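# Inside the fold
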Amino acid sequence: MELRALGRTGLSISPVVFGGNVFGWTADEKTSFAMLDRFFDAGFNTIDTADAYSRWVPGHQGGESEAIIGAWLKKSGRSRDEAIIVTKVGSDMGQGKRDLSAKWILEEADNSLRRLQTDYIDLYLAHWPDETTSHEETLGAFAKLKEQGKIRAIGCSNYDAGMMQDSFDAAGKAGLPRYDVLQPEYNLYTRNSFEGPLAELCLREEIGVINYFGLASGFLTGKYRDRTDAEGKARGGRALTYLNDKGYRILAALDEVAVETNAEPASIALAWLIQRPGITAPIASATSIDQLDAIIAAGNLTLSDDQMKLLTEAGA
């Protein structure tokens, strides 16, 4: 397993990023701590979270995931520079809207730092586009945080090619730092939102890409083969949307490569992403050590050209 350069940020990240959306939701604190220890003991170093994780759970306010990561950092005794922490700002945390205003970013960065029990965030992302706030205002707030040493690098999530280019233009005109990382949805099944103009822009501009839903809400693990498999599962409803001809073609291709490599479908689906043009590292979450081990295995799995072609064509 080798670390990868994340665009122009100067950060070196593991080939798979541990998705922290599950911390405090489908993984309690004890399980989260055990998985984080296992992930870092295997040589991986990057965790993705957001201020809003897991606000969607009844009784949660948001910040639960960041708080668990912060508590783990303190308890583990690991040096802070061993971990690359990615978090995001801009979701509705009670304001009633998505918010990338300077006032909110500066306020919420301090809240995230407090929950994470650290004095800096390695990578801070604009979680969603906010059409009510100019790029200049948002980037200006990020610039201030960088000057204060509270964040090291910036990026955005869920931006299309036009939004990215507009943000670059605004940064250039105002003399502000640009987004150097993108977090899009991308996996073997869902490809059209990244492939094409957005991927080409990222390659041309040397943008680091850490894609989310790398396992398509668990569908690409192979555990959802019919509707009954999703019953009672937290993310089962979303997984059902992939149960169609295209989904079954992908599962068949994953099964074929699994026989050839003796690897889990989840490992193969992530390894495909790692080898795709423009991708720095996919994000994947786990709720058990067994699931995490499949994620770790992906960072040490190299697929052949024929296997890559088979998978790519299955999900075309």
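Given the structure is predicted, the values throughout are model-derived calculations rather than measurements.

### Regarding the overall build of the chain
Across its full length, the chain holds 11 helices and 10 strands. For a compact globule of 316 residues, the expected C-alpha radius of gyration is about 20 Å, and the chain comes in at 19 Å, within 12% of that figure. C-alpha extents for the chain along the principal axes are approximately 50 × 40 × 35 Å. Counting the 316 residues in the chain, one finds 56% classified as buried. Taking as baseline every contact in the chain between residues at least 6 positions apart, the subset at least 24 positions apart corresponds to 76%. Roughly 13000 Å² of accessible area belongs to the chain as shown, and the carbon and sulfur atoms make up 48% of that amount. Here the chain holds 33 positive side-chain charges and 45 negative ones, and the gap between their average locations is 2 Å.

### Some words on the sheet that holds strand β3 (residues 17-19)
Pairing is parallel in the open sheet, where eight strands are placed in the order β9-β8-β7-β6-β5-β4-β3-β10. Each edge of the open sheet is held by one strand with a lone partner, namely β9 (208-209) and β10 (283-284). For strand β5 (residues 84-89) and strand β6 (residues 121-126), the ladder comprises four bridges, and the chain directions are parallel. The residue bridging V89 from the neighbouring strand is A126, located in β6. Packing against the sheet, helix α4 (residues 135-147) makes contact with β5, β6 and β7 (151-157), and its axis sits at approximately 155° to β7.

### Considerations on the packing of helix α1 (residues 29-41) against helix α10 (residues 289-298)
At a closest axis distance of 10 Å, the pairing of α1 and α10 adopts a crossing angle of 25°. When the interaxial angle is binned, α1 and α10 end up roughly parallel. Note on packing geometry: the crossing formed by α1 with α10 is right-handed. Along its contact with α1, which presents A34, M35, R38 and F39, the element α10 presents I289, L292, D293 and I296.

### Concerning helix α2 (residues 64-76)
Compared with an ideal rise of 1.5 Å per residue, which puts 13 residues at 18 Å, α2 spans 18 Å between its outermost C-alpha atoms and is within 8% of the ideal. Of the residues making up α2, those classed as buried are E64, S65, E66, I68, I69, G70, W72 and L73. Where α2 is buried, its residues meet α1, β4 (46-48), β5 and α3 (102-116). Taken from the residues just after α2, G77 is the one with a positive phi, measuring 75°.

### Some points on the pairing of β7
Burial within β7 is extensive, with six of its seven residues counted as buried. The pairing of β6 with β7 spans five bridges and is classified as parallel. In the strand pairing of β7, Y124 is matched with I154. After leaving β6, the chain enters α4 and then returns to the sheet as β7, a path that is right-handed. Across two bridges, the pairing between β7 and strand β8 (residues 181-183) is parallel. The residue bridging S157 from the neighbouring strand is Q183, located in β8.

### Overview of the pattern of salt bridges
Tallied over the entire structure, the rule returns 18 salt bridges. Ionic pairing is found between R8 and E206, a salt bridge with its closest N-O pair at 3.5 Å. Pair noted here: R8 is in the loop between β1 (4-5) and β2 (12-13) and E206 is in the loop between α6 (197-204) and β9, with a separation of 198 residues, a long-range link. For R8, a relative accessible area of 45% puts it in the partly exposed group. Of the charged contacts in the structure, one is a salt bridge between D99 and K97, with a shortest N-O distance of 3.7 Å.

### Digging into the packing of aromatic side chains
A full pass over the atoms with the stated rule returns 15 aromatic pairs. Here Y53 and W56 contribute two aromatic rings whose centre-to-centre distance is 5.7 Å and whose plane-to-plane angle is 70°, an arrangement assigned as edge-to-face. Taking relative accessible area as the criterion, Y53 reaches 13% and is therefore assigned buried. Aromatic pair Y186 and W272: ring centres 5.9 Å apart, planes at 40°, arrangement tilted. Of this pair, Y186 sits in the loop between β8 and α6 while W272 is found in helix α9 (residues 265-274), placing the two residues 86 residues apart along the sequence. Among the residues examined, Y186 registers a relative accessible area of 1% and is labelled buried. With relative accessibility at 0%, the residue W272 sits in the buried group. In this structure an aromatic cluster arises from ring pairing among F18, F23, F39, F40, F44 and W72. Seen from the ring of Y120, R80 lies directly overhead, with NZ or CZ sitting 4.1 Å from the centre.

### Quick look at α9
Counting buried positions over the 10 residues of α9 gives 10, a clear majority of the element. Where α9 is concerned, the buried positions are P265, A266, S267, I268, A269, L270, A271, W272, L273 and I274. Turning to α9, the residues buried within the fold contact β1, α8 (245-261), β10, α10 and α11 (305-314).

Conventions used here
- Residues numbered from 1 in each chain as written.
- Predicted model: local features only at pLDDT ≥ 70, side-chain atom pairs only at ≥ 80, totals over all residues.
- Heavy atoms only, no water.
- Helix = DSSP H or I, 4+ residues; strand = E, 2+ residues; numbered from the N terminus.
- Rg over C-alpha atoms; globule rule 2.2 N^0.38 Å.
- Buried < 20%, exposed > 50% of the residue type's maximum accessible area, 1.4 Å probe, protein only.
- Contact = heavy atoms within 4.5 Å.
- Areas by Shrake-Rupley, 256 points an atom, 1.4 Å probe, with all protein chains shown as cover.
- Lys, Arg positive; Asp, Glu negative; His and termini not counted.
- Charge placed at Lys NZ, Arg CZ, Asp CG, Glu CD.
- Pairing = 2+ DSSP bridges.
- Axes fitted to C-alpha atoms, helices over the stretch in contact; angles between N-to-C directions.
- Parallel < 35°, antiparallel > 145°, perpendicular 65-115°, else oblique.
- Left-handed = near helix turned anticlockwise from the far one by under 90°.
- Expected span 1.5 Å × (residues − 1).
- Right-handed = clockwise from strand over helix to strand, strands pointing away.
- Salt bridge = Lys/Arg side-chain N within 4 Å of Asp/Glu carboxyl O.
- Phe/Tyr/Trp six-rings, centres within 6.5 Å; stacked < 30°, edge-to-face > 60°.
- Lys NZ or Arg CZ within 6 Å of the ring centre and 35° of its normal.

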